[in-house]
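# What the coordinates show
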Amino acid sequence: RHPGWPARLGPIRVAAGDVAVRPIRLRDAGDWSRIRLRDQEHLEPWEPTGPGPWRDRNSYWSWPAQWTALRSLARRGQCLPYTITLDGEFAGQITVGNVIRASLRSAWVGYWVSSSVVKGGVATAAVALVVDHAFSSAGLHRIEATVRPENTPSIKVLTKAGFRQEGLFKRYLDVAGDWRDHYCYAMTVEESGPGLVARLVAAGRAEYL
Ligand code: ACO
């Protein structure tokens, strides 16, 4: 086991309802696949290019292999793979990946939520819960997020959560079938102040339960 894993975080209340995160489960397969097959248009423009068609990569039977791979990275301390829940129901995923320790103590964060729950503060709440945890129990110092300049909703999530724009990575990531420019956003523990959740609450964007 490595510091900070496994853990359940939240819930906190936002406009959409009560948001929490918990480790991914094998039995997330049904919700995960159903939502992702329905939401291809919502998700595909922003996700790394994968092998084969969307319907195969997101079928019910492709989840066990992904779950196994993420869980083994989590056990080795390289990843914190979470399911986002809204009022206890599966609502998306948030992952802290490429965890490097020693003198870097850094990682990236990435997320998606179901099209049926967008614009209610769910992703921002999940980012706040996970980044606070990464900076406390998991002992990290810096979290980075890369986002396409066209992805206005995700840029809003990072800005509301308190991330700072650091630069533009040219032709950085193979997303939706081509090398795409990405803004790099980041935050260090020193910039997190009283915590991201505490700042959302102070700004009236979330409530403790
Ligand atoms: N134009 C302008 N603003 C928009 C639009 C739009 N088309 N759509 C949403 N917004 C705003 C919302 O109003 C909200 O801002 P507000 O709180 O000021 O009103 C903000 O964008 C979204 O904030 P949340 O409600 O906290 O986020 P949400 O739960 O809707 O999830 C997310 C946002 C994760 C980007 C979702 O849209 C999604 O899953 N998109 C597809 C996958 C994706 O892009 N993932 C992120 C990749 S980048 C990364 O992981 C670092």
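Residues numbered from 1 in each chain as written. Predicted model: local features only at pLDDT ≥ 70, side-chain atom pairs only at ≥ 80, totals over all residues. Heavy atoms only, no water.

Buried within helix α1 (residues 29-38) are the following residues: Ala29, Trp32, Ser33, Ile35 and Arg36. Those residues of α1 hidden inside the fold are in contact with α2 (40-43), α3 (54-57), α4 (63-75), β4 (89-100) and β5 (106-113). (Buried < 20%, exposed > 50% of the residue type's maximum accessible area, 1.4 Å probe, protein only. Helix = DSSP H or I, 4+ residues; strand = E, 2+ residues; numbered from the N terminus. Contact = heavy atoms within 4.5 Å.)

What follows is about unusual backbone geometry. For the bond running from tryptophan 5 to proline 6, omega is -5°, close enough to zero to count as cis. The topology assignment puts proline 6 in the segment before β1 (9-14). Cis geometry is found at the peptide bond from glycine 10 to proline 11, where omega equals 5°. Tracing the backbone shows proline 11 in strand β1. Although it is not a glycine, asparagine 98 sits at a positive phi angle of roughly 50°. Its place among the elements puts asparagine 98 in strand β4. The backbone phi angle of alanine 176 is positive, close to 45°, even though this residue is not glycine. If you trace the backbone, alanine 176 turns up in the loop between β7 (164-175) and β8 (178-188). Relative accessible area serves as the criterion here: at 33%, alanine 176 is assigned to the partly exposed category.

Okay, the site of the ligand next. Looking at the ligand, there are 25 residues lining it, with Lys119, Gly121, Thr124, Asn151 and Lys160 nearest. Note that an oxygen atom of the ligand is positioned 2.8 Å from one of the backbone N or O atoms of glycine 121. Lysine 160 places a polar side-chain atom, nitrogen or oxygen, 2.7 Å from an oxygen atom of the ligand. The fraction of the free accessible surface of the ligand (1000 Å²) that becomes covered by protein chains is 78%. (Near = heavy atom within 4 Å. Polar contact = N/O pair within 3.5 Å; in protein donor to acceptor, adjacent residues only side chain to side chain. Areas by Shrake-Rupley, 256 points an atom, 1.4 Å probe, with all protein chains shown as cover.)

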